[in-house]
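Here is what each chain is made of, one letter per residue.
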Amino acid sequence: MGRRWGWQVVILACVFSAGCAERIESPGAGATGGGPGADGQVVGPPRPTIPPPPNTSPPPSTPAPPIDAHVLVNVGGTPACVDYAEATDDWVDTAAAGSQTVDDLLAAGQGAVIGGWVGTAEAPYGFMPQSWLARFDFATDGTYTAAGRVGEMAVPPLYYGDTENCPPAVWSFTDATSPASGLVGDIAVLFSYDTYCALPAWNEGIWSNVRWDVSGLRMRFSFSTGDGYGPIDLDLRRACPND
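Per chain, the residues get numbers from 1 upward, laid out in the order the sequence is written. Side-chain atom pairs in this predicted model are given and counted only at pLDDT of 80 or more, local residue features only at pLDDT of at least 70, and totals for whole chains, interfaces and linings cover all residues. To get the side-chain values, take all heavy atoms of the structure and skip hydrogens and water.

## Notes on the state of the cysteines
Our working definition: Disulfides are defined in this document as cysteine sulfur pairs within 2.5 Å. The numbering of helices and of strands both runs from the N terminus, where a helix is a DSSP run of H or I of at least 4 residues and a strand a run of E of at least 2. Categorising residues by exposure relies on relative accessible area from a 1.4 Å probe, with only protein chains included: less than 20% of the type maximum marks a residue as buried, more than 50% marks it as exposed, and the intermediate range marks it as partly exposed.
Taken as a whole and assessed by the stated rule, the structure comprises 2 disulfides. Between C81 and C240 runs a disulfide, and the two sulfur atoms are separated by 1.9 Å. Here the S-S torsion is close to 115°, and the disulfide linking C81 with C240 is therefore right-handed. A residue pair is termed long-range when its members are at least 10 positions apart, and C81 in strand 2 (residues 78-83) and C240 in the segment after strand 13 (232-238) qualify at 159 residues. The residue that forms a disulfide with C166 is C197, at a sulfur-sulfur distance of 2.1 Å. Residues C166 and C197 share a disulfide whose torsion about the S-S bond is about -85°; that sign makes it left-handed. Note that C166 is positioned in the loop between strand 6 (153-155) and strand 7 (169-178) and C197 in strand 10 (residues 196-198), a separation of 31 residues in sequence. Taking relative accessible area as the criterion, C166 reaches 11% and is therefore assigned buried.

## What to know about empty space enclosed by the protein
A probe as big as a water molecule, rolled over the atoms, marks out the empty space that is left. Going by this rule: Cavities and pockets are found on a 1 Å grid laid over the protein atoms alone: a cavity is a set of points where a 1.4 Å probe fits but cannot escape, a pocket is an open set with protein on both sides within 12 Å along at least five of seven lines, and a lining residue has an atom within 4 Å of such a point. Grid points are joined across faces, edges and corners, and a volume is the space filled by probe spheres set on the points. Residue polarity is assigned by list, with Asp, Glu, Lys and Arg as charged and Ala, Val, Leu, Ile, Met, Phe, Trp, Tyr, Cys and Pro as nonpolar; anything else, Gly included, falls into the polar class.
The tally for this structure, following the rule as stated, stands at 2 cavities of 30 Å³ or more. Each pocket or cavity is described by its volume, and for the largest cavity that value is around 40 Å³. Around the largest cavity, the lining residues are Y144, T145, T163, P167, P168, A169, A188, V189 and L190. Of the residues assigned to the lining of the largest cavity, the class counts are 7 nonpolar, 2 polar and no charged. Space inside the second largest cavity adds up to approximately 30 Å³. Together, W91, D93, T94, P179, A180, R211 and W212 line the second largest cavity. In terms of residue class, the lining of the second largest cavity is built from 4 nonpolar, 1 polar and 2 charged.

## Digging into the pattern of salt bridges
In plain terms, the rule: For salt bridges, the criterion is a side-chain nitrogen of Lys or Arg within 4 Å of an Asp or Glu carboxyl oxygen.
Throughout the structure, instances matching the rule amount to 5 salt bridges. One salt bridge in this structure joins R218 and D235, with 3.1 Å as the shortest N-O distance. Pair noted here: R218 is in strand 12 (residues 218-224) and D235 is in strand 13, with a separation of 17 residues, a long-range link. For R218, a relative accessible area of 7% translates into the label buried. Overall, the relative accessible area of 24% leaves D235 in the partly exposed class. With its nearest N and O atoms 3.4 Å apart, the salt bridge here joins R220 to D235.

## Digging into the environment of R220
Test applied: Only heavy atoms enter the contact rule, under which two residues are in contact if any of them lie within 4.5 Å. In protein, a polar contact requires one atom able to donate a hydrogen and another able to accept it; more generally it is a pair of N or O atoms within 3.5 Å, and residues adjacent in sequence count only if both atoms are side-chain atoms.
Within the fold, R220 resides in strand 12. Judged by its relative accessible area of 24%, R220 is partly exposed. Distance in space between the C-alpha atoms of R220 and D233 is 7.5 Å, their sequence separation being 13 residues. When sequence neighbours within four positions are dropped, the list of residues in contact with R220 reads W91, N209, V210, R211, L234 and D235. At 3.4 Å, the side chain of R220 and the side chain of D235 are in polar contact.

## Some thoughts on the nonpolar core
Within soluble globular proteins, side chains that are nonpolar generally end up buried alongside one another. Cut-off, in case you're wondering: Here, nonpolar core refers to any group of buried Ala, Val, Leu, Ile, Met, Phe, Trp, Tyr and Cys residues whose side-chain atoms link them within 4.5 Å.
Counting residues in hydrophobic clusters, the biggest one holds 38 residues, and the most contacted among them are F136, F138, Y144 and F221. The contact partners of F136, leaving out residues within four places of it in the chain, are G115, G116, W117, Y144, T145, A146, P157, L158, F221, L234 and L236. Counting 7 residues, the second-largest nonpolar core is a separate cluster that includes V71, V73, V82 and A87.

## Brief notes about the side chain of R149
Summarising the element assignment, R149 is placed in strand 5 (residues 143-150). Since its relative accessible area comes to 7%, R149 is described here as buried. A distance of 2.8 Å separates a polar atom in the side chain of R149 from the backbone oxygen of P65. Excluding anything up to four places from it in sequence, R149 contacts A64, P65, I67, W132, L133, A154, V155 and E164.

Have a look at this one:
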């Protein structure tokens, strides 16, 4: 029992060490895959293949097309179109308006979100990737499309799902407290299952703290799955028209 545990420990240690891979995957003479070989080396089953996380598809074999990342910035009170990497204007909070009802806030939000948005997504510590470029396009029919990139690699814009290979998904706002604290709603994230797309077991995701700065050219929100994973924080800028 002790010998068996010993090579298991070596294997577990070597899973995280490229230097041990050859020892594990190339048994010595006379080895059967469970104990020491004739040459005295510790051998065992091949290093396990770690499958990709269920939230992502395997990286594409060719570079993904770039995201249209031209955004509007406020220059002297006039919107100007620049590349996202050149946008440096600061976020300015929208003042709370105490006289607005929940219905007023929801209606304003449903109008403000329409159009294209480009920016940065940030995941909690330990998530991979940690950050990426994302683009969202929200339509008046209550659907959206989105894409994410890390360099030339496509990634899910909300960390989960297969947005680029599925039809537009639905979004809605369900509650609001103030312009400063933002709106709350449901946002669907579809997964690709070979020949069709569908919601995951946790159903729709939740976007919260959906808010805009005083210019209306910037939007922030947090995304969590229906079973509580996240949040993914997004800081977006309004895309230039016709992008």
